[in-house]
Amino acid sequence: MSAQDLATIFKEWSADRQKYARGWRFYQGLQGEFFASRRARQLLQQAGVEDMDRMNFAAIVVDTIIDRLHVSGISAQGKDVSEAVGNIVRENELEQEEQVWLQYLGAMGETVAVVLPADEDEQRPSGVSVAYWDPRRARVLYDAMDPLKKVAGVLTWPGEKTTRADLYYADGTVERWSGKAGAEAQDKLKDAALWESWEGEDADGNELPSVEQVDFGDGGLPFFHFRTGRPEAQPLHRKAYGPQQAIDKIIVSHLATIDVASFPQRYGQIDPTADTMSAGTSANPFHPGMGEDDDPESEANSTQLSADPGALWKLRGYSGVGQFAVASAEVFMSPFDRYVRAMAQVTRIPMHYFDPTGDAPSGESLKVSDAPITHRVDALQINCGAVIEDMWATILDFAGAGSDLVVNVRWTPHETATDLASWQTVAAKVANGVPVRVALVEAGYDPEDVKSWLEDLDDSGEIGRQVALLGQLGDALLKIAQAEALGVKADTADLIVTVTDAMAALWPGGADGQ
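Residues numbered from 1 in each chain as written. Predicted model: local features only at pLDDT ≥ 70, side-chain atom pairs only at ≥ 80, totals over all residues. Heavy atoms only, no water.

Just to check I follow, could you spell out the overall build of the protein chain for this structure?
Looking only at helices and strands, the protein chain features 15 helices and 15 strands. When the 514 residues of the protein chain are sorted by exposure, 39% land in the buried category. Counted over contacts in the protein chain with a minimum sequence separation of 6, partners at least 24 positions apart contribute 66%. For the protein chain, the exposed surface amounts to about 29,000 Å²; the carbon and sulfur share of it is 51%. (Helix = DSSP H or I, 4+ residues; strand = E, 2+ residues; numbered from the N terminus. Buried < 20%, exposed > 50% of the residue type's maximum accessible area, 1.4 Å probe, protein only. Contact = heavy atoms within 4.5 Å. Areas by Shrake-Rupley, 256 points an atom, 1.4 Å probe, with all protein chains shown as cover.)

I would appreciate a short explanation of unusual backbone geometry in the present structure.
For residues other than glycine, phi is negative in most cases, and the peptide bonds are mostly trans. Residue Pro-231 is reached from Arg-230 by a cis peptide bond, and omega for that bond is 0 degrees. For Pro-231, the position within the fold is in the loop between β12 (223-227) and α6 (241-262). Look at Arg-348: it is not a glycine, yet its phi comes out positive at around 60 degrees. Mapped onto the elements of the fold, Arg-348 is located in the loop between α7 (330-347) and α8 (351-354).

Even after reading the chapter, I still don't get the pattern of salt bridges, so can you show me in this structure?
Close approach of charged atoms allows side chains of opposite charge to pair. Summed over the entire model, instances satisfying the criterion amount to 9 salt bridges. When the shortest N-O distance is used, the salt bridge between Arg-17 and Asp-187 registers 3.6 Å. Note that Arg-17 is positioned in helix α1 (residues 3-28) and Asp-187 in the loop between β7 (173-179) and β8 (195-197), a separation of 170 residues in sequence. When its relative accessible area of 34% is taken as the criterion, Asp-187 is described as partly exposed. Its salt-bridge partner being Arg-136, residue Asp-134 comes within 2.8 Å of it at the nearest N-O pair. (Salt bridge = Lys/Arg side-chain N within 4 Å of Asp/Glu carboxyl O.)

Even after reading the chapter, I still don't get the packing of aromatic side chains, so can you show me in this structure?
If you walk through the whole model with that rule in mind, you get 11 aromatic pairs. Between Trp-24 and Tyr-27, the aromatic rings sit 5.8 Å apart at their centres with planes inclined by 45 degrees, giving tilted as the arrangement. With Trp-24 and Tyr-27 both in helix α1, this residue pair falls 3 residues apart, about one helical turn. In this pair, the class of Trp-24 matches that of Tyr-27, namely buried. Ring geometry for Trp-133 and Trp-157: centres 5.8 Å apart, planes at 85 degrees, overall edge-to-face. On the criterion of sequence distance, the pair formed by Trp-133 in strand β3 (residues 128-133) and Trp-157 in strand β5 (residues 150-158) is long-range, its members being 24 residues apart. Every member of this aromatic cluster is reached through a ring pair, and the members are Phe-10, Trp-13 and Trp-195. Between Arg-17 and the ring centre of Trp-13, over which it is positioned, the NZ or CZ distance is 4.8 Å. (Phe/Tyr/Trp six-rings, centres within 6.5 Å; stacked < 30°, edge-to-face > 60°. Lys NZ or Arg CZ within 6 Å of the ring centre and 35° of its normal.)

What's the story with the sheet that holds β12 in this structure? I'm lost.
Through backbone hydrogen bonds, the strands of a sheet pair up, either in parallel or in antiparallel fashion. The strand order across the open sheet formed by 3 strands is β3-β2-β12, and the pairing between neighbours is antiparallel. Each having just a single partner strand, β3 and β12 make up the two edges of the open sheet. Taking the axes of each pair of neighbouring strands and ignoring which way they run, one obtains an average angle of 15 degrees across the sheet. Summarising the sheet, strand β2 (residues 110-117) and β12 pair through 5 bridges and their orientation is antiparallel. For Val-114, the partnering residue across the bridge sits in β12 and is Phe-223. (Pairing = 2+ DSSP bridges. Axes fitted to C-alpha atoms, helices over the stretch in contact; angles between N-to-C directions.)

Listed below in structure tokens is the structure:
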């Protein structure tokens, strides 16, 4: 246990910190543009377009995936811990913080959750503190010989000139250090000589010794490392960086030309043989003299240039005038659309998530289109699910709800049967002998919810009949639509109402029981 552990952590951290910062910039739309020409960069900087907000398509990749990744419940085998879980969730605002760790995970590829014993006060009567940390400020050190074994964890508070760090070990030892480098120079802290022990006070005035012993129980180091993949975690939108940079460059270049398109540059060709000294006129008809009679806004203005309809302009000293052509918007919009499609291709996020104005797929075609997203969400649930279960086992242990608990995490289904085609499939499965419970779970519904629904229906035959009714309803509505497409004259709306009312009458409780 020494400053050498901190130096090792910061050495490993150096390259990853750049990855985190870049991923976060692209997620927030704060990345800069790439220009092959230094002169082009200078011209666009002078135009001020770099100060505009970006059209951030890369963030769509992250949001599309993490919006399907939500924990719906925590349970323990053989013990009811729902009350304890609910209290801890409220005290630590974990429902609100869920979006924080998902954004960290998606935008930077990693995040760290830290669970520590806390004083049982009004804020946390359960005695547990749970926090999700930015991976640029929290890190886990693994054993060089065993990549699954956590050796230590560190929390940091970078300042302007120094960096505070708390180093945690599995045996409960907590060491506090101060590094002689601030937020802008943290790469220097891979030198152990720059670290020194630190002691002081917290925000409430409580003493913080340089070394402290904390009881972590039997759960080991309470640092929980979430990653998008192994061995190297990458931001979910990593493959979108290139297309996003191309899109930014196109937009910035286009906006730099809009002023010229609105107010085109014009020219006048001077005739060297013309007599420009005629009395009563200005040598430059575009810029008359500053006398009262030559004021451009004066009715007595002597210039011959009038914007009135049918006016005749007499330009002395010019053999011709013209207007410079501006760049066509198609020069920018055509490659813009192509790079958005390229982002959809390289990230395997369907195009309708980037451009919802087209014909969006539905039914079975939507499932096929969304298959890459579904596979990625499933992989993240596997990667993160085990970590969440370990984390909650430690949380419940610290809260006194029980030790050595086997915790199970339930995820909100990321796709469920909601369209007619999907329900027809469910009905067909049940009709061919698949248990209702299995068919509904395969349709994407939460197993606990399905269990609750089926407990209210004791007659398995009645359950199958209700599912079959949904399939029949889908068939009826489909046939009505087909008949209308073939030109059969009927009041479609009245037919649909008639069919649904008839189905409702067959449902348990009649139409009022729907």
